[in-house]
Amino acid sequence: MTKNKLKIMNLNIKANKNNTFDAIVVGSGMSGGFAAKELTERGLKVLMIERGHEIKHIEGYDTAMKEPWDFEHRGKTTNISAEERWANSRFWGLGSEEVVNHLTNDKENPYIEIRAFDWIRAYHTGGKSMHWGRQSYRWGKHDFEANAKEGIGIDWPIRYEDLEPWYTHVEKFVGVSGQKEGLEVLPDGHFLPAMPLFAPEAHFKNKMFEKFNRPVTVGRVANLTQAQDIHTKLGRGSCQYRNKCNRGCPYGAYYSSLSGSIPAAMRTNRLSILHDSIVSEIIYDEQKKRATGVRIINQNTMQTEDFFAKIIFLNAGSINTAALMLNSKSNRFQNGFGNDSDQVGRNLMDHQLGSGASATVDGFEDDYVYGQRPNAMYIPRFRNWGNDKQTAYLRGFGYQGGAVRDGWERGVAADGFGDDFKQSLTKPGPWSIRIGGFGEILPDPNNRIFLDPVKKDKWGIPMIVTDAAFVENDWAMRKDIVASAVEMLETAGFKNVTPYDRPTHMGLGIHDMGTARMGRDPKTSVLNAFNQVHDCKNVFVTDGAAMTSASCVNPSITYMALTARAADFAVKALKKKEL
Amino acid sequence: MNRREVIRNVALMLGGTFSAPTIMAMDKWETFTSPNNNDSSFSLTETQQKILAEIAEMIIPKTDTPGAKDVGVPAFIVMMLNDCYREPEHQSFLDGLASMEKVKFLSLKADERTGVLKLLEQETKKITSKVTPFWRLMKELTLLGYFTSEAGLKASFEYVQIPGKLELIKLKPNQKSFAY
C-alpha cells in the first residue's frame, strides 16, 4: 500500500499571534481544495476553514479495509442512522455503516423544508469530494450558449474557450480515465487509459449506433487507471478495482481533496487548515469597501474568532455559500453580502436523478469480469441535439448505467430454497442492465434557499430554508428519460424491460448549484466572469453557487476549472495591486 | 382458490400427511393477529426462535459447506429485525411465525415442512401489502446473513480482497462467483 506521508496539521490558533493570511478559503471540498492548491502554488499563504471535523487521508478511512462480515448490519441502514441522517439516507446507500459516519448528522444540523430538498452533506475535511461519483465530463460549447439562445435565466459571461485550458489543467492533476470519442456534445479531455465496457454493454453500444446513431462510451471517471508522476508524487497509486471508493481509498486512486489538492497545497508549506470552524459571516469594511476577513464559530467550544486576508474564496458548497452571504449583513449590504441583485440563494438547480429503465439480458453466459469496475457506461445527451427537436421540453439528459452479472441477491425474489438453491447461488447469475438519466434542470428564481427570520441553529446562525421543486420542463423531460430508456433497452434486444421512476425531490442528484450565479450585469447576477462578487471584488465564489445553468453532465470538474481560472486571475490581480 | 383448498392441495401433494387439526389451524392463518400488535420492541419466544432457525436452515442447509445455523444466521435475523426494521415488518414477521406455530411446524416431518414452505412461497406472491411479508424477510435476511458471513462467503465464492486489475474473462465450467 502506498502511504501518503503528508500530514494535515491543525492550525494552533493560540500560538498564532497573527490571524492574517494572503487568502482565506471557506470550505475544503471539491472546489475549496482546488482553490487552496492553486493559490498556495502561486505563492499565497492560505488559511482553509472547514466547518466539520478533521479526517486524515488514508488513516481516517476507518471502514476502507473492512471485510464484508466486519459490518454488523452488512451494509444495511439501521433505524438509528435513518433517524440521525434523515436527509442523507434519502440517497441510496448513504445510511449504510460503510459510509454513514462520514456524512453529516442531519438531526444535529437540521434545515427547514418548505418544499422538500434532499440536501446531502459531508461536514469534514474534503467534504463531498470524499463521496462523489467521480464522473468527470467537460461541458460543451452549447452548454454555455443555451441560456442566451433560448432566453432562459441570464447569459453566461464566459464561453467554452475560456474554460478549455483549465479543464485540461484540472484533468491532468485529477487523473480522469476515459475514451476519446470526438463528439461535439461531449468534448474529449486529457484522459488516462479507459476502462472496458462489458460484453452486453459493447453489444448495446453497437445497437445504439446502428439503430439510432447514438454514441455510447465508457464513463469518464476520476480513478487512476495508470497513475502518472504528477499523482505518485502526492502518494497516489493506481486503482485496485475494489470499487469501495465510497469508504475512502487507501491507495489514493480516486481523486478527492484529501488525496489530491490538499496534499498538493500542504507541499508548498503555505497552507493552514482550521477544522471545526463554522464561518458565520464575512467581515466587510465600509471605509475600504472590501471584505477584510471572516468570523468563525468553533463548532465544539462555541468561541468566535476573526481571521483576515486580502482575498476570500467562498467554497462552502452552493447552499452554505449562499447562506453565508445572506447572513453577512452590513450597512453597505443590508440585504446580504453581494446581494444587490437579490439573486443570492435563488436559481437553485440540481440534476434529475432516479428514473430510467432496467432489463434482463439473454446470452453472454461465458462472459465474466475479474475485479470491480468503479465506473459505468455513459450515453451522452441526444435530445434537442443535432436534428432532434423536442416540443415538450428544453435541453436534455445523459444516461449512466451498465450491465452486471447478478449475484446471490437474485435468490431473494426467486423461488426456491434448500441444497440446489444454495448451490446455484454460488455461481454468477444472468446479466442484467440498467440505465438512469441525469437531466438538466433550468434556473428558476423561485427555486431558492433563504434564511429563516426567526429560527436559529445551535450556533446562533439563522436556519437555512429550502423552497425548490421541479417545474414543467423537468417533469416533461423526466417522462422522456423513462420512455427513451425503455425504447433503447428494447431496441437492443434485452428482455423484461422495466421502467423505474423513483419519487424524488430536487437535491437527490447531489449537484446543488446556481445560488450566486455568474453574469455580466450586476443587476441580475452575483458574480462576474472571473467569479468575483460584482460589488466586492476581493471575494470570489467558485463552488456550485457560481453556475448560471446546469448542463446535464456531472459538475465537479467544471467547478474545479472555474476555481483554477479564478485563482489564477486573483493572484495576477493581487500582484498588479489591483485587488 | 381459498386457503383451505390450497392447504388440501399441498396435503395431497405430500400424500395426505396433514392432519385435520393442522388444516384447521392453518385455516385461521388469515385472521390471526399477534398480541404484540402495538409493541415496537421485537422479541421472540423460544419456540418462535426454534422455528426461525429451522426455516433459515431449510433455506440454506448444511451440505459439504456450512449451513445457516453454523454461521449464526438465526441470531443475525433477530438482530437485524430489531436494528434495521420497524413495527410493520416486526408485525409481519411475528404473524408469519404465529402461523407456523399454528401448523405446529416443529412437529411436522421433513417433507411436510418443505410442503409448508413451498405453500408459503406461493402464497407470498399473492400478498399486495407494502409491508414485506414473512417469507420474504426470512429469505432476504437468511441469504444476507449467510453469504456475507466469513464462513458462508468463503465457502460459497472465490473471495478476492484486492483484485488489483480489471479484466474481461471467460467463465470456466462450474466457476464460482467472485466476492469482493
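- As recorded in an unreviewed UniProt entry, chain B goes by the name Gluconate 2-dehydrogenase subunit 3 family protein, listed as coming from Lacihabitans soyangensis.

### A look at the nonpolar core
- In this structure, F204(A), M325(A) and F337(A) are the most contacted members of the largest nonpolar core, which totals 129 residues.
- For this core, the element with the most residues is helix α4 (residues 160–174) of chain A, which contributes 7 residues.
- Those residues in contact with F204(A) that sit more than four places away from it in its chain are V216(A), M377(A), I379(A), M488(A), L489(A), A492(A) and F494(A).
- With 46 residues, the next largest nonpolar core counts W408(A), M80(B), L81(B) and L153(B) among its residues.

### Quick look at helix α5 (residues 199–212) of chain A
Residue and element names in this part refer to chain A.
- A rise of 1.5 Å per residue sets the reference length of α5, with its 14 residues, at 20 Å; its end C-alpha atoms lie 20 Å apart and thus fit the reference within 8%.
- P200, E201, F204 and M208 are the residues of α5 that are buried. Summarising the axial view, the buried residues of α5 lie within an arc of 95 degrees, below the 170-degree limit, and thus occupy one face. α5 presents F209 and E210 as exposed residues on the side facing more than 90 degrees away from its buried surface.
- Positive backbone phi, approximately 55 degrees, marks N213, located one or two places after α5.

### Structural notes on the side chain of S81(A)
Residues and elements named next belong to chain A.
- When you line up the elements, S81 lands in helix α2 (residues 79–84).
- By relative accessible area, S81 is classed as buried at 11%.
- Excluding residues that lie within four positions of it along the chain, S81 makes contacts with G95 and V100.

### Focus: the environment of E305(A)
- Residue position: E305(A) is located in strand β10 (residues 304–314).
- A polar side-chain atom of E305(A) sits 2.9 Å from a polar atom in the side chain of N19(A).

### Topic: the pairing of strand β2 (residues 46–49) of chain A
Residue and element names in this part refer to chain A.
- Burial along β2 is two-sided: the residues V46 and M48 and L47 and I49 are all buried.
- Read as a crossover between parallel neighbours, the route from strand β1 (residues 20–26) over helix α1 (residues 30–41) to β2 is right-handed.
- Here 4 bridges tie β2 to strand β7 (residues 271–274), and the two strands are oriented parallel to one another. Residue pairing across strands places M48 opposite I273, the latter belonging to β7.

### A word on the side chain of H351(A)
Residues and elements named next belong to chain A.
- Mapped onto the elements, H351 comes out in strand β11 (residues 351–352).
- With relative accessibility at 1%, the residue H351 sits in the buried group.
- At a separation of 2.7 Å, a polar atom in the side chain of H351 contacts the side chain of H511.
- Within the local environment of H351, its side chain forms a polar contact with the backbone oxygen of A550, the two atoms lying 2.9 Å apart.

### Considering the interface of chain A and chain B
- At the junction of the two partners, chain A supplies 49 residues and chain B supplies 57 residues.
- Surface buried jointly by chain A and chain B totals about 4,700 Å² across both partners, of which 61% is contributed by carbon and sulfur atoms.
- Three residues, Y370(A), F417(A) and K422(A), lead the burial of chain A against chain B; their summed loss comes to 19% of the area buried on that side.
- Here chain A and chain B share 3 salt bridges between them.
- A salt bridge links R86(B) to E83(A), with the shortest nitrogen-to-oxygen separation between them at 3.3 Å.
- Our count for the chain A to chain B interface comes out at 32 residue pairs in polar contact (both at pLDDT 80 or more).
- When contributions to the side of chain A that touches chain B are tallied by element, the ones reaching two or more residues are α2, β13 (367–370), α9 (410–413) and α10 (419–424) of chain A.
- Ranked by residues supplied to the side of chain A that touches chain B, first place goes to β13(A) with 4 residues.

### Section: the packing of helix α3 (residues 46–59) of chain B against helix α7 (residues 134–147) of chain B
All names here are of chain B.
- Interhelical geometry of α3 versus α7 gives an angle of 65 degrees and a closest axis separation of 10 Å. The orientation of α3 with respect to α7, classified from their angle, is roughly perpendicular. In terms of crossing hand, the pair formed by α3 and α7 is right-handed. For the pair formed by α3 and α7, the contact residues are L52, I55, A56 and I59 on the first element and F134, W135, M138, K139, T142 and L143 on the second.
- Each residue belonging to the contact of α3 with α7 can be placed in one class, and the counts come to 8 nonpolar, 1 polar and 1 charged.

### Thoughts on the confidence of the model for chain B
- Looking at chain B as a whole, the pLDDT averages 85, with 78% of positions reaching at least 70.
- Predicted complex, confidence summary: ipTM 0.92, pTM 0.92.

### Focus on the sheet that holds strand β3 (residues 112–115) of chain A
All names here are of chain A.
- Strand order across the open sheet formed by 3 strands is β3-β18-β17, with mixed pairing between neighbours. Each edge of the open sheet is held by one strand with a lone partner, namely β3 and β17 (448–456). Each neighbouring strand pair of the sheet contributes to a mean axis angle of 30 degrees, computed without reference to strand direction.
- Note that β17 and strand β18 (residues 462–467) share 5 bridges and pair antiparallel. In the sheet register, R448 faces β18, and the bridge partner there is D467.

Reading the values: the criteria
Residues numbered from 1 in each chain as written. Chains lettered and ligands numbered in written order. Predicted model: local features only at pLDDT ≥ 70, side-chain atom pairs only at ≥ 80, totals over all residues. Heavy atoms only, no water. Core = buried A, V, L, I, M, F, W, Y, C linked by side-chain atoms within 4.5 Å. Buried < 20%, exposed > 50% of the residue type's maximum accessible area, 1.4 Å probe, protein only. Helix = DSSP H or I, 4+ residues; strand = E, 2+ residues; numbered from the N terminus. Contact = heavy atoms within 4.5 Å. Expected span 1.5 Å × (residues − 1). Arc of directions from axis to C-beta. Polar contact = N/O pair within 3.5 Å; in protein donor to acceptor, adjacent residues only side chain to side chain. Right-handed = clockwise from strand over helix to strand, strands pointing away. Pairing = 2+ DSSP bridges. Buried area = accessible area lost by both parts, 1.4 Å probe. Salt bridge = Lys/Arg side-chain N within 4 Å of Asp/Glu carboxyl O. Axes fitted to C-alpha atoms, helices over the stretch in contact; angles between N-to-C directions. Parallel < 35°, antiparallel > 145°, perpendicular 65-115°, else oblique. Left-handed = near helix turned anticlockwise from the far one by under 90°. Nonpolar A, V, L, I, M, F, W, Y, C, P; charged D, E, K, R; others polar. pLDDT = per-residue confidence, 0-100.

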